[in-house]
Amino acid sequence: MSNFNKSDNGLIIFFNGIGVVIAYGMLALSLYMSPDVPMATKGYWGIGILLLTLALVNFVKLRFDDRLSEDRITRVEEARNERLLADYIGGEDDKAA
């Protein structure tokens, strides 16, 4: 099942990547073809779009890292609780014998 999820995620990432490339291409074309906007303004808009993209990528990565951290903490707590329960249950058997 892990392989299925991995290939599925890869396909989704691939299609999203194609969508992003097409969107940036269309945006660049519209900026290039716009006759009424001076070149300095077009460059300013391009830099703004680049910085917005970098900020969004960092935001998504931080959210992803935060979720992974929470999952890791939850797994550690569950393992600790299971070990405590196993020690408690095992301790009861030793006293009865």
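Predicted model only: the values in this text are computed from it and were never measured.

With that out of the way, let us pick up the overall build of the protein. The secondary structure content of the protein amounts to 2 helices and 0 strands. Accessible surface computed for the protein: about 8,900 Å², of which carbon and sulfur atoms make up 67%.

Attention now goes to the side chain of Lys42. Here Lys42 lies in helix α2 (residues 39-96). Put simply, Lys42 is tucked away with no salt bridge, and the nearest opposite charge, on Asp36, sits 9.3 Å away. Discounting residues that sit within four places of it in the chain, Lys42 has contacts with Leu31, Tyr32, Ser34 and Val37.

So, about the pattern of salt bridges. In total, this model carries 1 salt bridge according to the counting rule given. A salt bridge links Asp65 to Lys61; its shortest N-O distance comes to 2.7 Å. A residue pair is termed a helical-turn pair when its members lie 3 or 4 positions apart in one helix, as Asp65 and Lys61 do in helix α2 at 4 residues.

Here is what the cut-offs are and how they apply
Residues numbered from 1 in each chain as written. Predicted model: local features only at pLDDT ≥ 70, side-chain atom pairs only at ≥ 80, totals over all residues. Heavy atoms only, no water. Helix = DSSP H or I, 4+ residues; strand = E, 2+ residues; numbered from the N terminus. Areas by Shrake-Rupley, 256 points an atom, 1.4 Å probe, with all protein chains shown as cover. Buried < 20%, exposed > 50% of the residue type's maximum accessible area, 1.4 Å probe, protein only. Lys, Arg positive; Asp, Glu negative; His and termini not counted. Salt bridge = Lys/Arg side-chain N within 4 Å of Asp/Glu carboxyl O. Contact = heavy atoms within 4.5 Å.

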